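Fold and contact review
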Amino acid sequence: MERKSVRLHGLGVYEGRGQGPIRIVRFDVESTPRVAVAGTAEEEIQRLHHALGAAQKDLRSLQGKEKEANDLLDAHILLLQDPVLVDQVESRLSSLGGKRRRTEEVFEEVIESFAKLFEEKKEPYLRERAADLRDVGRRALGHLTVDRIRLPTNGVIVARDLPPSALLEVKD
């Protein structure tokens, strides 16, 4: 069997060359499997709090010796604890008048609306926070889905966008 060589160009995370099987990873929300049926508003709010707590636990487990990385992770944890964000999701889930919606849908809507507010800011620093918000949103959504997104442990990871917190999951 003849092997075909493929050359990919992109931004490397580590210096040097990579060799091995290609592992394509998608971090967009559309590629994430979802729970099919929504529960009651109370059940969906409980799922939200479980996912937010689990995502915060994930981020804490990534903390290490590097202050800059720890500062980023602390900021991401604070985003997940933001009472305005949480209240917005809870209120949308509670005010559906008997109509049921999955937490994933509502949470994604709220994250995206907040991210767009950041993107509209004049200051580059604030515009960049939209990516952080989407990153923590992806992580929390991972706990709401049937099958969590995990980075492969071997090979060369290929992704259109690799969120900062996912990068910290990659071991040397």
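Residues numbered from 1 in each chain as written. Predicted model: local features only at pLDDT ≥ 70, side-chain atom pairs only at ≥ 80, totals over all residues. Heavy atoms only, no water.

Notes on the overall build of the chain
Scanning the chain from N- to C-terminus turns up 6 helices and 2 strands. Along the chain, helices (α) and strands (β) appear in the sequence β-α-α-α-α-α-β-α when read from the amino end. Restricting the contact set of the chain to residue pairs at least 6 apart, pairs at least 24 apart contribute 71%. (Helix = DSSP H or I, 4+ residues; strand = E, 2+ residues; numbered from the N terminus. Contact = heavy atoms within 4.5 Å.)

Focus: the packing of aromatic side chains
Counted under the stated rule, the structure contains 0 aromatic pairs. Against the face of Tyr125 rests Arg129, its NZ or CZ located 4.4 Å from the ring centre. (Phe/Tyr/Trp six-rings, centres within 6.5 Å; stacked < 30°, edge-to-face > 60°. Lys NZ or Arg CZ within 6 Å of the ring centre and 35° of its normal.)

Some points on the environment of Glu128
For Glu128, the position within the fold is in helix H5 (residues 124–144). Owing to a relative accessible area of 48%, Glu128 belongs among the partly exposed residues under this scheme. C-alpha of Glu128 to C-alpha of Phe118: the two residues are 10 residues apart in sequence and 7.6 Å apart in space. (Buried < 20%, exposed > 50% of the residue type's maximum accessible area, 1.4 Å probe, protein only.)

As for the pattern of salt bridges
In total, this model carries 12 salt bridges according to the counting rule given. Across the salt bridge formed by Arg139 and Asp58, the nearest N and O atoms sit 3.5 Å from each other. Residue Arg139 is located in helix H5, and its partner Asp58 is located in helix H1 (residues 41–62); the two are separated by 81 residues in the primary sequence. For the pair Arg139 and Asp58, one class covers both residues: buried. A cluster of three or more residues bridged by salt bridges with shared partners is formed by Arg92, Arg101, Arg102, Glu105 and Glu109. (Salt bridge = Lys/Arg side-chain N within 4 Å of Asp/Glu carboxyl O.)

Here's the deal with the confidence of the model for the chain
A residue-level look at the chain finds 72% of positions with pLDDT of 70 or above and a mean pLDDT of 80. When mean pLDDT is taken per element in the chain, helix H3 (residues 83–94) scores highest with 94 and helix H6 (residues 164–167) scores lowest with 63. For residues 30–36, every residue scores under 50 in pLDDT, and the model assigns this stretch 20 contacts once sequence neighbours within four places are set aside. (pLDDT = per-residue confidence, 0-100.)

Some details on the packing of H1 against H3
Between two packed helices, the angle of one axis relative to the other and the distance separating the axes together describe the packing. In the contact formed by H1 and H3, the axes pass within 9 Å of each other and the chain directions differ by 160°. By the criterion of interaxial angle, the relationship of H1 to H3 is roughly antiparallel. Both H1 and H3 take part in a crossing whose hand is right-handed. Touching Ala41, Glu44, Ile45, Leu48, His49 and Leu52 of H1 are Val86, Val89, Glu90, Leu93 and Ser94, all from H3. Here the contact of H1 with H3 is composed, by residue class, of 7 nonpolar, 2 polar and 2 charged. (Axes fitted to C-alpha atoms, helices over the stretch in contact; angles between N-to-C directions. Parallel < 35°, antiparallel > 145°, perpendicular 65-115°, else oblique. Left-handed = near helix turned anticlockwise from the far one by under 90°. Nonpolar A, V, L, I, M, F, W, Y, C, P; charged D, E, K, R; others polar.)

Looking at the nonpolar core
The biggest cluster of nonpolar side chains holds 26 residues, and the ones touching the most others in it are Leu52, Leu80, Val89 and Phe107. Within the residue set of this core, elements represented by two or more residues are H1, helix H2 (67–81), H3, helix H4 (103–119) and H5. Residue contributions to this core peak at 7 residues, all from H1. Those residues in contact with Leu52 that sit more than four places away from it in its chain are Leu80, Val86, Phe107 and Ala140. (Core = buried A, V, L, I, M, F, W, Y, C linked by side-chain atoms within 4.5 Å.)

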